[in-house]
Amino acid sequence: MQELITGCIDHLRIGNVLFFLLLPLLFLLSYFSSRLSITGYKLFQVFIGFIYYLLILKGNLPALFVFLNLIAVNYLLLRNMDLFDNKPSVRRAILIVAIVINLIPLIMMKDYLPLLKTEPNYFIQIVGLSYFSLNVISMFVDFYKRKFRKFFLIDFLLYSIYFPKIFAGPLVRYREFIRQVNWNYRNKTFNDLNLGVFLLALGIIKKWFADYLFQYSSAVFSNPAGFSGEELFMNIYVYTAYIFLDFSGYTDLARGTSLLMGINLPENFRSPYLSKSFREFWRRWHITLYQWIRDYVYIDLLGGNRKGKIRTYINILIAFILSGIWHGNYFNYIIWGFSHGLGVIFTRDLKEDSKIKRYLMWFLTFNLIAVLWIVFAITDISTLKDYFVTMVTGFNPAGLASFVVFRTDIVIPLILGFGIAFIDSWLKEKFVVNLPPYRFYAVSSILFLIAIFLLNYKVAVSPFLYESF
């Protein structure tokens, strides 16, 4: 049991300790520290964030040194921006310096210089650096635009190292995060805490299905030439289900843990595979990253839609290409980002004026996004080309029917996985809200028991995909 739990939620690097000892203990200590004083509560959260980060680095002291120095430099820059409040040119210069300083370690770690290299260098592996950089840059821009005026060292430290969001967010703006911290348990009911347990259980169930489906996808990606056209075709949907279950499962675990710590992190997914356009998809998928790119790249940096239709389309393409490049220095990410940008442009003005049109729009959007996930997954362009050539030339309808009938070990979990994906937002936003409290407690308990049961059914553990970004 211990080994299974440790493995199944290994991407949180705590495993069974989180589940049976550490999380309940952290909840109690968080709650009682918040009752004593807000400063004590913040200090405790910083302390456990630092300990957690120290553990996940596994003794990588250079990475810890760089990370702590980044935090210190960012605080000094923010303090100086505050000191020169009445000098716009100096504030702007500090903003530019801050953005550059936070991008340099990211560029070096992902080996964008030179772009001709194919393998990331990882000269210093800083866990969660991408999300740390985006969070800090948003904080500097918001402070520069005076969206908040006051900040304290303890708040800045907590924003930088709050442990549920270290790996992959969700991204949260400084002002909103500190507001949540200051309110902590004071605006939380027992229902909110129960929602935390519900999200933890749901996240483990999603992660279990992701791990199960990953076994098939990883085998296919390791040797696409060894599979038939119909098997490659089915893998498109297996991987599409996997990437949602893996990432949204992590987000549910992070949000559930954070709710028990007294802080409500923003939702990152709202059943994105129900989208009827690419534009709608990006309002449902990785929501906080989309909002970051929209606000700080598309609008602030590129000018948004203020300079005519052609410039708007160019800005959209640039924003999505940059979002692709953010994932890594492989050309497939550029193709993926560019394709999504085109999808947003072409579906920008579509009208859902009939049921048939809505269904067709959903069908086309879902399948195009599924195909693009293969572009996202395969970093080698030659292998990517061979994948689609083999799939098209070697496809056999009879073989597909045979796969559906005889590979129930894949088909049934795939159907259940998509079922979870399609009802995900309904479960969180309508079903849970409309349930009487005692029924919600019962549902959470049942879901929790299902999660424990699944943890006892051993499957191969997939690495958390977005941790690598």
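Anyway, here's the lowdown on the structure attached to this text. (Residues numbered from 1 in each chain as written. Predicted model: local features only at pLDDT ≥ 70, side-chain atom pairs only at ≥ 80, totals over all residues. Heavy atoms only, no water.)

## Side note on the overall build of the chain
Argument step 1. Within the chain, the regular secondary structure consists of 19 helices and zero strands.
Argument step 2. Among the 469 residues that make up the chain, the fraction classed as buried is 54%.
Argument step 3. For the chain, long-range pairs separated by at least 24 residues make up 74% of all intrachain contacts whose partners lie at least 6 apart in sequence.
Argument step 4. Carbon and sulfur atoms make up 68% of the accessible area of the chain, which amounts to about 21100 Å² in all. (Helix = DSSP H or I, 4+ residues; strand = E, 2+ residues; numbered from the N terminus. Buried < 20%, exposed > 50% of the residue type's maximum accessible area, 1.4 Å probe, protein only. Contact = heavy atoms within 4.5 Å. Areas by Shrake-Rupley, 256 points an atom, 1.4 Å probe, with all protein chains shown as cover.)

## Here we look at the side chain of N135
Argument step 1. Tracing the sequence through the fold places N135 in helix α6 (residues 129-144).
Argument step 2. Among the polar contacts made by the side chain of N135, one reaches the main-chain amide nitrogen of V172 at a distance of 3.4 Å.
Argument step 3. Setting aside residues no more than four positions away along its own chain, N135 makes contact with Y159, K165, L171 and V172. (Polar contact = N/O pair within 3.5 Å; in protein donor to acceptor, adjacent residues only side chain to side chain.)

## Examining the packing of helix α3 (residues 38-56) against helix α7 (residues 153-161)
Argument step 1. Packing of α3 against α7 brings their axes to within 9 Å, and their N-to-C directions diverge by 35 degrees. Once α3 is placed against α7, the crossing between them reads as left-handed. Contacts between α3 and α7 involve K42, L43, Q45, V46, G49, F50 and Y53 from the first element and I154, D155, L157, L158 and I161 from the second.
Argument step 2. By residue class, the composition of the contact of α3 with α7 is eight nonpolar, two polar and two charged. (Axes fitted to C-alpha atoms, helices over the stretch in contact; angles between N-to-C directions. Left-handed = near helix turned anticlockwise from the far one by under 90°. Nonpolar A, V, L, I, M, F, W, Y, C, P; charged D, E, K, R; others polar.)

## Here's the deal with helix α16 (residues 381-393)
Argument step 1. With 13 residues, α16 ought to run about 18 Å at 1.5 Å a step, and its terminal C-alpha atoms sit 18 Å apart, in line with that.
Argument step 2. Along α16, the residues that are buried comprise L384, Y387 and M391. For α16, the angular spread of buried residues about the axis comes to 55 degrees, placing them on one side. Summarising the geometry of α16, the exposed residues directed more than 90 degrees from the buried face are K385, V392 and T393.
Argument step 3. Taken together, the buried residues of α16 touch α9 (190-222), α10 (229-260) and α15 (355-377). (Expected span 1.5 Å × (residues − 1). Arc of directions from axis to C-beta.)

## Let's talk about the packing of aromatic side chains
Argument step 1. Applying the stated criterion across every chain, the model contains 60 aromatic pairs.
Argument step 2. Plain terms: the ring middles of Y216 and F227 are 6.4 Å apart, the flat faces sit at 75 degrees to each other, and that makes the pair edge-to-face. Taken together, the positions of Y216 in helix α9 and F227 in the loop between α9 and α10 put the pair eleven residues apart, joining distant regions of the chain. A single burial state applies to Y216 and to F227, both of which are buried.
Argument step 3. Ring centres 5.8 Å apart and planes at 50 degrees place the aromatic pair F244 and Y273 in the tilted group. Of this pair, F244 sits in helix α10 while Y273 sits in the loop between α10 and α11 (278-281), placing them 29 residues apart in sequence. Accessibility classification places F244 together with Y273 in one group, the buried group. (Phe/Tyr/Trp six-rings, centres within 6.5 Å; stacked < 30°, edge-to-face > 60°.)

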